[in-house]
Amino acid sequence: MIKLIRGFRDILPGDVELWQDIEAKARVLLENFGFREIRLPIMESTDLFSRGIGTDTDIVEKEMYSFPDSKGRGQTLRPEATASVVRAYIEHGFAGSDPVQKFYTIGPMFRHERPQKGRYRQFYQINAEMYGVASPLADVQIMYMLHLFFTGLSVPDVVTHVNSLGCPECRPKFRDALTAFVSDKTDRLCSDCQRRAKTNPLRVIDCKVPGCKEAVEGAPSIQDHLCQDCREHFEAVIKGLDNLSVPYEINPRLVRGLDYYTRTTFEVQTSLLGAQNAVAGGGRYDGLVKILEGKDTPAIGFAIGFDRLAALLGAEEKDFTVPPPLFVAALGAEAQKIAFDWLCAFNAKGLRAEMDYEGKSLKSQMKQANRFRVGHVLILGETELQNNKAVLRNMDTKEQVEVALDGLVDQVIALINQG
RNA sequence: GUGGGUGUAGCUCAGUUGGUUAGAGCGCCUGGUUGUGGCCCAGGAGGCCGAGGGUUCAAGUCCCUUCACUCACCCCA
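What counts, and where the lines are drawn
- Residues numbered from 1 in each chain as written.
- Chains lettered and ligands numbered in written order.
- Predicted model: local features only at pLDDT ≥ 70, side-chain atom pairs only at ≥ 80, totals over all residues.
- Heavy atoms only, no water.
- Helix = DSSP H or I, 4+ residues; strand = E, 2+ residues; numbered from the N terminus.
- Polar contact = N/O pair within 3.5 Å; in protein donor to acceptor, adjacent residues only side chain to side chain.
- Contact = heavy atoms within 4.5 Å.
- Expected span 1.5 Å × (residues − 1).
- Buried < 20%, exposed > 50% of the residue type's maximum accessible area, 1.4 Å probe, protein only.
- Arc of directions from axis to C-beta.
- Salt bridge = Lys/Arg side-chain N within 4 Å of Asp/Glu carboxyl O.
- Phe/Tyr/Trp six-rings, centres within 6.5 Å; stacked < 30°, edge-to-face > 60°.
- Domains from an automatic or database assignment.
- Pairing = 2+ DSSP bridges.
- Axes fitted to C-alpha atoms, helices over the stretch in contact; angles between N-to-C directions.

**Focus on the side chain of T57**
Next up, step 1: Topologically, T57 is positioned in the loop between helix 2 (46–53) and helix 3 (58–63).
Next up, step 2: Within the local environment of T57, its side chain forms a polar contact with the backbone oxygen of G54, the two atoms lying 2.7 Å apart.
Next up, step 3: Dropping the residues within four chain positions of it, T57 is found in contact with G257, L258 and D259.

**Concerning helix 1 (residues 16–32)**
Next up, step 1: Across its 17 residues, helix 1 extends 24 Å between first and last C-alpha, which sits within 8% of the 24 Å expected from 1.5 Å per residue.
Next up, step 2: Inspection of helix 1 places L18, W19, I22, A26, L29 and L30 among the buried residues, and these make up the whole buried set. Buried residues of helix 1 fall within an arc of 100 degrees about the axis and therefore sit on the same side. In helix 1, the exposed positions that point more than 90 degrees away from the buried face belong to Q20 and N32.
Next up, step 3: Contact partners of the buried residues in helix 1: strand 5 (101–110), strand 6 (122–131), helix 6 (136–152) and helix 13 (306–314).
Next up, step 4: Positive backbone phi, approximately 90 degrees, marks G34, located one or two places after helix 1.

**So, the environment of G294**
Next up, step 1: Inspection of the secondary structure puts G294 in the loop between helix 12 (288–291) and strand 11 (299–305).
Next up, step 2: A sequence separation of 205 residues divides G294 from Y89, and the C-alpha atoms of the two residues are 8.6 Å apart.
Next up, step 3: G294 has contacts with I90 and V289, leaving out every residue within four places of it along the chain.

**Topic: the pattern of salt bridges**
Next up, step 1: Counting across every chain of the model gives 17 salt bridges.
Next up, step 2: Close ionic contact of D69 with R73 constitutes a salt bridge, the shortest N to O distance being 3.0 Å.
Next up, step 3: The closest approach of N and O atoms between D139 and R284, which form a salt bridge, is 2.6 Å. Remark: R284 occurs in strand 10 (residues 278–284) and D139 occurs in helix 6; sequence separation between them is 145 residues. Exposure class is identical for D139 and R284. Each is buried.

**Some words on the packing of aromatic side chains**
For any pair of aromatic rings, geometry is given as the distance between the ring centres together with the angle between the planes.
Next up, step 1: Overall, the coordinates contain 14 aromatic pairs when judged by the stated rule.
Next up, step 2: Where F327 meets F372, the ring centres are 6.1 Å apart and the plane angle is 40 degrees; that geometry is what we call tilted. With F327 in strand 12 (residues 326–330) and F372 in helix 15 (residues 362–372), this pair connects stretches of sequence that are 45 residues apart.
Next up, step 3: Under the relative-accessibility criterion, F327 is labelled buried at 0%.
Next up, step 4: What makes F372 partly exposed here is its relative accessible area of 28%.

**Some details on the domain arrangement of chain A**
Interfaces are often sized by the amount of accessible area the parts lose when they come together.
Next up, step 1: Taken domain by domain, chain A consists of domain 1 (16–170 + 226–314) and domain 2 (326–417).
Next up, step 2: The gap between the C-alpha centroids of domain 1 and domain 2 is 50 Å.

**Here we look at the sheet that holds strand 4 (residues 74–77)**
Next up, step 1: Pairing in this open sheet of three strands is antiparallel, and the strands run 2-4-3 from one edge to the other. Only two strands of the sheet have a single neighbouring strand rather than two, namely strand 2 (43–45) and strand 3 (65–68). For this sheet, the mean inter-axis angle between neighbouring strands, taken without regard to orientation, is 30 degrees.
Next up, step 2: Two elements, strand 2 and strand 4, share three bridges in a ladder whose sense is antiparallel. Paired with S45 across the two strands is Q75, which belongs to strand 4.
Next up, step 3: Along the sheet, helix 2 makes contact with strand 2, strand 3 and strand 4, crossing strand 2 at roughly 75 degrees.

Below, the structure written as structure tokens:
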């Protein structure tokens, strides 16, 4: 048997209804906030990601699905969406018409990691990106929107963590301070952190190993190293969140794995998904457009982990199938012909109806109708043909009413719609 | 890439110190009702016991290898 490749998954009927519901709500919300959909390819030049995300990141170092095309040019299944949106923003000259643009996009991302709970090699994201606004109002609006989305879906157990990572002015200073702090403690750190102390000291203060936690107690905080502008920006964001009553926790140790983030970063976390606690994450990336050879443009955005969100919302219920309202049961070849015509008419008129195509016994058809969890069964046999009246059975109350064959389809639709 | 756990029917799982045709519940099909679902009863279909090799008179069971799933590390959505 040919099976799914590792880390990939099927989203089956019964679950997919939940996904559709989430997606529909996301679209309404995003569009109400002025975000417009942009549909992008899932494959891009490898350079886009290595330059955009940063060559030292885990994503670029070891997680990308990259392979050469027939002429040897590197191409990659996108590991995230932001770089692609920026590419499109630059390539189509949006900055020339109006630098302020808001986009959203929904689709699959690919990362070659070891799969585990809440982590797949193909996973889905809902992304929102906003360009051309340096004001903290953009940060506030983005986070407010995210907050509305999660509360609107009644997502259980989520907390939004906020931090500022500073800018190219102040972050290096913080990094230096941190490196200095960590360098004389390397012997107390785990092997991973000894490596990270050089490559990415920010990660060390985020380490969960008890020895490391102890060693980094009293480490310098980014919050104490922000430059004047970054500090004011962060304070304005926090004030804005308070104004709109958006709950949050300031988390000075919130570090993000992509190089392009500046200033505001945030992550929506849950404790219900095992080790993968981030349901959504994002932040400001004021330098990225320029890095990718566009005009220097501030930007901010977020990604919602669709798979994880669906897991949170689907934890209780298992089957999101919506039952059809009607099943058409026919007895005998003559009746089946007519029943099939009705079926087609019901479907064409927007009433979801089902029938048995095999000429099974009435009992068997009733069982099937019951399995569909339909509200009504329309029965047509020889008796009904003779009387020119079919029988409409309410499956909950067991009440049966006769419906004249003449004009039956509309009559049945009316009966079902009135309950 | 590194560890732990698990692989037996469509699903959830039993399967004794190795012992004949491998079981249950749910689901599915048929019947009990010459035309009425859920409950009940009876019957039925459905398994290369993850794969390969080894030990043995004999392997679902013991050994080795491998693959898959899963959880965790790392990192992130």
